[in-house]
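Structural overview
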Amino acid sequence: MCHMWVTRFAPSPTGYLHLGHVASAVAGWRYARPDGQWLVRIEDIDPQRCKPSYAEALLEDLAWLGLKSDGPVLYQSARMAHYAHTVQKLTDMGLIYPCFCTRSDILRDNADMFSAPHAAPDGSLLYPGTCRHMAPAQRQDWLAAGRPHVLRLDMGKAVLLASTQKKEPLHYHDLQRGRVICQPELFGDVVLARRDVPASYHLCVTHDDAAQGITLVTRGDDLRPATDLHCLLQALMDWPTPHYAFHALLCGADGKRLAKRDGAKAVRAMRDAGMSPEAVRLAAGFDA
């Protein structure tokens, strides 16, 4: 059966486009061809690390490679009001609470609760839920005093509500593996809005996949665990759950995943060295 998939490529403009990016972009591009759509989204919510000059360079290098968005390029930095609205809706549902803990607080409380620091499936430190149990009066006093905080999802309440709404196990469809049952509770109470940015990656990516009508998310194997959390947010917000397809990460000769700091593999550097777009696409595993 032929699907007209709507896919997307969503880089963060924290550096120049490299071969790993190209491989990821092409994964979605292939699924969208010939009759679907391949969209570009610039995930630039972090004002400290993301630079407009890198965003411009990413689009320029993609165009040089023959990869152009089939619709308007979406910039997340221009969509903060949308994310704040979603956070407010989750707050109104009783699923969000402020967390005043610093990283050192979390490390200490995590060690007190467990024999060794516990990690979520994506490798992040598991939050032990300290502020979830805070007395309402103290919470209001600290908020009124302007004490710095993040906003966390009450995972227990969220999973219970999602299971009640769906009336079936939370799941998604993986094109390679079929039906996959989700376990978002393994992430604990994740951050959905940060101190410096009124949103988080997990919230923004699920929000914009729904807003752009994405029907197939192509992503690296490293993001497979986070998909469980994204499906939970989709269920809570009554957003459609797209299909998913995962691809292996492109690695260098040393066997390590290609990263932005690997300047020698930047597409811009390969262009300057005289390589053609066809040669760069081939180096990224794209021979068509």
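Up top is the structure these notes are about.
First things first, this report covers the structure right here in the doc. Not measured: the values here are computed from a predicted model.

How each quantity is defined
- Residues numbered from 1 in each chain as written.
- Predicted model: local features only at pLDDT ≥ 70, side-chain atom pairs only at ≥ 80, totals over all residues.
- Heavy atoms only, no water.
- Helix = DSSP H or I, 4+ residues; strand = E, 2+ residues; numbered from the N terminus.
- Rg over C-alpha atoms; globule rule 2.2 N^0.38 Å.
- Buried < 20%, exposed > 50% of the residue type's maximum accessible area, 1.4 Å probe, protein only.
- Contact = heavy atoms within 4.5 Å.
- Areas by Shrake-Rupley, 256 points an atom, 1.4 Å probe, with all protein chains shown as cover.
- Axes fitted to C-alpha atoms, helices over the stretch in contact; angles between N-to-C directions.
- Parallel < 35°, antiparallel > 145°, perpendicular 65-115°, else oblique.
- Nonpolar A, V, L, I, M, F, W, Y, C, P; charged D, E, K, R; others polar.
- Lys, Arg positive; Asp, Glu negative; His and termini not counted.
- Salt bridge = Lys/Arg side-chain N within 4 Å of Asp/Glu carboxyl O.
- Polar contact = N/O pair within 3.5 Å; in protein donor to acceptor, adjacent residues only side chain to side chain.
- Core = buried A, V, L, I, M, F, W, Y, C linked by side-chain atoms within 4.5 Å.
- Phe/Tyr/Trp six-rings, centres within 6.5 Å; stacked < 30°, edge-to-face > 60°.
- Lys NZ or Arg CZ within 6 Å of the ring centre and 35° of its normal.

**Here's the deal with the overall build of the chain**
A count of helical and extended segments in the chain gives 10 helices and 10 strands. For 288 residues, the compact-globule formula gives about 19 Å, and the C-alpha radius of gyration of the chain, at 20 Å, lands near that figure. A principal-axis box enclosing the C-alpha atoms of the chain has dimensions of 65 × 40 × 40 Å. When burial is assessed residue by residue, the chain has 47% of its 288 residues classed as buried. For the chain, contacts bridging at least 24 residues in sequence account for 79% of all contacts bridging at least 6. Of the roughly 14,200 Å² that the chain leaves accessible, carbon and sulfur atoms contribute 54%.

**Let's talk about the packing of helix H3 (residues 80-92) against helix H7 (residues 201-211)**
Interhelical geometry of H3 versus H7 gives an angle of 105° and a closest axis separation of 10 Å. Judged by the angle between their axes, H3 and H7 are roughly perpendicular. Facing His82, Tyr83, Thr86, Val87 and Leu90 of H3, the residues of H7 in contact are Leu203, Cys204, His207 and Asp208. A class-by-class count of the residues in the contact of H3 with H7 yields five nonpolar, three polar and one charged.

**Observations regarding the side chain of Thr7**
Following the sequence through the fold, Thr7 ends up in strand S1 (residues 6-9). A relative accessible area of 0% means that Thr7 is categorised as buried. Setting aside chain neighbours within four positions, we find Thr7 in contact with Gly28, Trp29, Tyr31, Ala32, Gln37, Trp38, Leu39, Ile214 and Leu216.

**Some remarks on the side chain of Asp44**
With respect to the helices and strands, Asp44 occurs in the loop between strand S2 (37-42) and helix H2 (52-64). Arg79 provides the closest opposite charge to the buried, salt-bridge-free Asp44, at an N-O distance of 8.8 Å. Engagement of the side chain of Asp44 in a polar contact is seen with the backbone nitrogen of Gln76, the distance being 3.1 Å. Setting aside residues up to four positions removed in sequence, Asp44 forms contacts with Pro13, Cys50, Tyr75, Gln76 and Ser77.

**Considering the nonpolar core**
Taken as a class, soluble globular proteins show a tendency for nonpolar side chains to be buried jointly. Judged by nonpolar contacts, the single largest core of 37 residues is most densely connected at Leu90, Leu153, Tyr172, Leu192, Leu203, Leu232 and Leu236. Sorting the residues of this core by element identifies H3, helix H6 (155-166), H7, helix H8 (226-236) and strand S10 (243-247) as the ones contributing at least two each. Beyond its immediate sequence surroundings of up to four residues, Leu153 is in contact with Leu95, Ile96, Tyr97, Ala158, Asp189, Val190, Leu192, Leu232, Leu233 and Leu236. Counting 20 residues, the second-largest nonpolar core is a separate cluster that includes Leu19, Val40, Leu65 and Leu67.

**Re the packing of aromatic side chains**
The relative placement of two aromatic rings is captured by the distance of their centres and the angle of their planes. Under the criterion given, the structure shown has seven aromatic pairs. Aromatic pair Tyr172 and Tyr244: ring centres 5.2 Å apart, planes at 65°, arrangement edge-to-face. Taken together, the residues Tyr172 in strand S6 (residues 171-174) and Tyr244 in strand S10 connect sequence positions 72 residues apart. Looking at Tyr172, the relative accessible area reads 2%, which means it is buried. Overall, the relative accessible area of 0% leaves Tyr244 in the buried class. Among the aromatic residues, those joined into a cluster by ring pairs are Phe9, Trp29 and Trp38. Here Arg147 stacks its cationic end above the ring of Trp142, 3.6 Å away from the centre of that ring.

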